[in-house]
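Tertiary structure, described
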Amino acid sequence: MTNSPPTDEIIAIIDAHKALEGPLLPILHALQDAFDHIPQAAGPLICDALNISRAELHGVISFYHDFRDAPAGRHVLKICRAEACQAVGGKALAEETLAKLGLDWHGTTPGGAVTIEPVYCLGLCACAPAAMVDDRVIGRMDSAKMQTLLEKVGA
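Rules used in this analysis
- Residues numbered from 1 in each chain as written.
- Predicted model: local features only at pLDDT ≥ 70, side-chain atom pairs only at ≥ 80, totals over all residues.
- Heavy atoms only, no water.
- Buried < 20%, exposed > 50% of the residue type's maximum accessible area, 1.4 Å probe, protein only.
- Helix = DSSP H or I, 4+ residues; strand = E, 2+ residues; numbered from the N terminus.
- Pairing = 2+ DSSP bridges.
- Arc of directions from axis to C-beta.
- Contact = heavy atoms within 4.5 Å.
- Axes fitted to C-alpha atoms, helices over the stretch in contact; angles between N-to-C directions.
- Left-handed = near helix turned anticlockwise from the far one by under 90°.
- Nonpolar A, V, L, I, M, F, W, Y, C, P; charged D, E, K, R; others polar.

Moving on to the pairing of strand 1 (residues 75-80). Burial analysis of strand 1 places five of its six residues in the buried class, which makes it a mostly covered element. Bridge count for strand 1 against strand 2 (residues 114-119) is six bridges, and the pairing is parallel. Within strand 2, the position partnered with leucine 77 by the bridge is isoleucine 116.

Structure (C-alpha cells):
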C-alpha cells in the first residue's frame, strides 16, 4: 500500500475543479497528474464534493484504463490488444511479456522499473503488433525487440 498524499492537497485539487461543468474527469485527471495515481483517500472526498455515490465514482475510474490506484513504475509499457495486433501475434507477445516479467496487467515490477498495461489501439495497425513505452510507439514488435526494450528500461 502506498502512502496517501495529505488530505489538504487532495481537497485543494477537488476545490479547484468542482465548479466546472462535468467536474469528475477533470478532478480525476488532476489527481493523477499530481500523485501519479488516484489516491484511495480521494474517493470519499470526491463523492462528498460532487454528491455522487462510491459506485458512480468506481464506475468512472474503472471504465477509463489510464486511471491507476497505485503509482506507476518509472516506465509504462503498453501493449496493443486490438484486433489487428492480435491477428499478427500480439496476444502471444503480451502473454510472453507478462510471463517474463511475472506480472498481470497493470502490475509493476518489484523494483518499480516497469508497469505493464493493455491498450486498445495505438494507431499502428499497418505495423502490428504495436507497443508503447512511456510516450514512444513501436511497431512490428516481436520477442527480440521486446527483450531489448525490457533491458533498456531495467526490467
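The rest of the description comes next.
A few words on helix 3 (residues 42-50). Inspection of helix 3 places Ala42, Gly43, Ile46, Cys47 and Leu50 among the buried residues, and these make up the whole buried set. The buried side chains of helix 3 occupy one side of the element, clustering within an arc of 130 degrees when seen end-on. Buried residues along helix 3 sit against helix 1 (7-17), helix 2 (24-35) and helix 4 (54-63). Looking one or two residues past helix 3, asparagine 51 carries a phi angle of roughly 55 degrees, positive in sign.

A word on the packing of helix 1 against helix 2. Contact geometry for helix 1 and helix 2: axes closest at 9 Å, N-to-C directions at 145 degrees. Of the two possible hands of crossing, helix 1 and helix 2 adopt the one that is right-handed. Across from Glu9, Ile10, Ile13, Ile14 and His17 in helix 1, the residues of helix 2 making contact are Pro26, Ile27, Ala30, Leu31, Ala34 and Phe35. Grouping the amino acids of the contact of helix 1 with helix 2 by side-chain chemistry returns nine nonpolar, one polar and one charged.

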